[in-house]
Amino acid sequence: EHGDAYEFAHPLLADLVRNELSTPRRRSLHLRVADHLHALYGEAPDVVVGRLAYHYAEAGKPARAAQFAESAAAQAVQVGAMAEAVNFYRRAHDLEPTPMRLLELGHALMHVPGKTDDARAAMQAALVEFEEAGDRQGIVQAGLRLAFSYLALEKGEDVLHWAERIQGSLEGDDSPELAATVQY
């Protein structure tokens, strides 16, 4: 025992103690850790967003955990750690599903060798969710990412397919910003 913390001589002993805690007690401890980390790092929690996501998830706070997992994923993308980004986007989407998180997962998967089909499947699922929600901005983003996923392969028919699909969804929309985005 060191102050108000415990140090275990062996990881299995720590696991044993942890497994003996009741679920409410374990959640309470994870919430205390998460809140302490958040308070400690205040305005700049960037260095601990992955840990915050973990502890808030374990504390039974999925919305909060998803926010931090999404932040950790965005950081991973910035430094080119795409496999880590994929894991964090998956975690965020599992905790609190949104079509944007699914789209970002697909985008990250595009940069992982051998995951192009999974990436397109995630982006297509996001597009369907945006369409069902009537989110025209999301439809454009998802459709363009799908179109771009075929561009480097010189698959013009597939690029046109996705471009035409999003153009059709904008019929009756007077937003010049969306129209310009699609025309680009």
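Residues numbered from 1 in each chain as written. Predicted model: local features only at pLDDT ≥ 70, side-chain atom pairs only at ≥ 80, totals over all residues. Heavy atoms only, no water.

Visitor: Help me out: how do you make sense of the overall build of the protein in this one?
Guide: Within the protein, the secondary structure is distributed over ten helices and zero strands. Ordered by position in the sequence, the α and β elements of the protein form the string α-α-α-α-α-α-α-α-α-α. Residues counted as buried form 33% of the 184 residues belonging to the protein. Pairs at least 24 apart in sequence give 42% of the contacts found in the protein among residues at least 6 apart. Entry remark: accessible area of the protein is about 11,300 Å², with carbon and sulfur atoms responsible for 52%. (Helix = DSSP H or I, 4+ residues; strand = E, 2+ residues; numbered from the N terminus. Buried < 20%, exposed > 50% of the residue type's maximum accessible area, 1.4 Å probe, protein only. Contact = heavy atoms within 4.5 Å. Areas by Shrake-Rupley, 256 points an atom, 1.4 Å probe, with all protein chains shown as cover.)

Visitor: I would appreciate a short explanation of helix α5 (residues 82-95) in the present structure.
Guide: Each full turn of the α-helix corresponds to 3.6 residues, which orients residues three or four apart in the same direction. Between its terminal C-alpha atoms α5 stretches 20 Å, which fits the 20 Å expected from 14 residues at 1.5 Å a residue. Of all the residues in α5, the buried ones are M82, A85, V86, F88, Y89, A92 and H93. Packed against the buried residues of α5 are α3 (49-58), α4 (62-78) and α6 (99-109). (Expected span 1.5 Å × (residues − 1).)

Visitor: Please explain a nonpolar patch on the surface as it appears in this structure.
Guide: Side chains of L40, Y41 and V47 sit close together on the surface and give an oily, nonpolar patch of about 310 Å² of accessible area. Mapped onto the elements of the fold, L40 is located in helix α2 (residues 23-41). (Patch = residues over 30% accessible without salt bridge, like charges linked within 9 Å, V, L, I, M, F, W, Y side chains within 5 Å. Salt bridge = Lys/Arg side-chain N within 4 Å of Asp/Glu carboxyl O.)

Visitor: I keep staring at the environment of Q75 and nothing clicks. Help me out?
Guide: Position of Q75 relative to the elements: it lies in helix α4. Q75 gets classed as partly exposed once you look at its relative accessible area, which sits at 24%.

Visitor: Quick question: what am I supposed to make of the environment of E157 here?
Guide: Within the fold, E157 resides in helix α9 (residues 156-169). It is 9.6 Å that separates the C-alpha atoms of E157 and A147, two residues lying ten residues apart in sequence.

Visitor: Sorry if this is basic, but what is going on with the packing of aromatic side chains here?
Guide: Both the distance between ring centres and the angle between the ring planes are used here to describe each pair of aromatic rings. Within this structure, the stated rule accounts for one aromatic pair. Between the aromatic rings of Y56 and F68, the centroid separation amounts to 5.7 Å while the plane-to-plane angle is 10 degrees, which identifies the pairing as stacked. Here Y56, found in helix α3, pairs with F68, found in helix α4; they are twelve residues apart in sequence, far enough to count as distant. One cation-aromatic arrangement involves R120 over Y150; the distance from NZ or CZ to the ring centre is 3.7 Å. (Phe/Tyr/Trp six-rings, centres within 6.5 Å; stacked < 30°, edge-to-face > 60°. Lys NZ or Arg CZ within 6 Å of the ring centre and 35° of its normal.)

Visitor: Looking at this structure, how should I read the pattern of salt bridges?
Guide: Where charged atoms from two side chains of opposite charge come close, those side chains can pair. Applying the stated criterion to the full structure yields five salt bridges. Residue E70 pairs with R101 through a salt bridge whose shortest N-O separation is 3.1 Å. Remark: R101 occurs in helix α6 and E70 occurs in helix α4; sequence separation between them is 31 residues. Owing to a relative accessible area of 5%, R101 belongs among the buried residues under this scheme. R101 is the salt-bridge partner of E96, the closest N and O atoms lying 3.1 Å from each other. Among the ionic contacts, a cluster of salt bridges with common partners joins E70, E96 and R101.

Visitor: What is the right way to look at the side chain of S149 in this model?
Guide: Within the secondary structure layout, S149 lies in helix α8 (residues 136-151). On the basis of relative accessible area, S149 is assigned to the buried category, the value being 7%. When neighbours within four sequence positions are excluded, S149 is seen to be in contact with M110, R120 and M123.

Visitor: Which parts of the structure should I look at to understand α9?
Guide: The end-to-end C-alpha distance of α9 is 20 Å, a good match for the 20 Å that 14 residues give at a rise of 1.5 Å each. Of the residues making up α9, those classed as buried are V159, W162, I166 and S169. Buried residues of α9, viewed axially, fall in a sector of 100 degrees; they line one side. The outward face of α9, more than 90 degrees from its buried face, is lined by the exposed residues E157 and E164. (Arc of directions from axis to C-beta.)

Visitor: Help me out: how do you make sense of the packing of α4 against α5 in this one?
Guide: The description of two packed helices rests on the angle between their axes and on the distance between the axes. Between α4 and α5, the least distance of the axes is 8 Å, while the angle of their chain directions is 160 degrees. Taken together, the axes of α4 and α5 lie roughly antiparallel to each other. By crossing handedness, the relation of α4 to α5 is classed as left-handed. Contacts between α4 and α5 pair P62, A65, A66, A69, E70, A72, A73, A74, A76 and V77 from the former with M82, E84, A85, F88, Y89, R91, A92 and L95 from the latter. Classifying every residue of the contact of α4 with α5 by side-chain character gives 15 nonpolar, no polar and three charged. (Axes fitted to C-alpha atoms, helices over the stretch in contact; angles between N-to-C directions. Parallel < 35°, antiparallel > 145°, perpendicular 65-115°, else oblique. Left-handed = near helix turned anticlockwise from the far one by under 90°. Nonpolar A, V, L, I, M, F, W, Y, C, P; charged D, E, K, R; others polar.)

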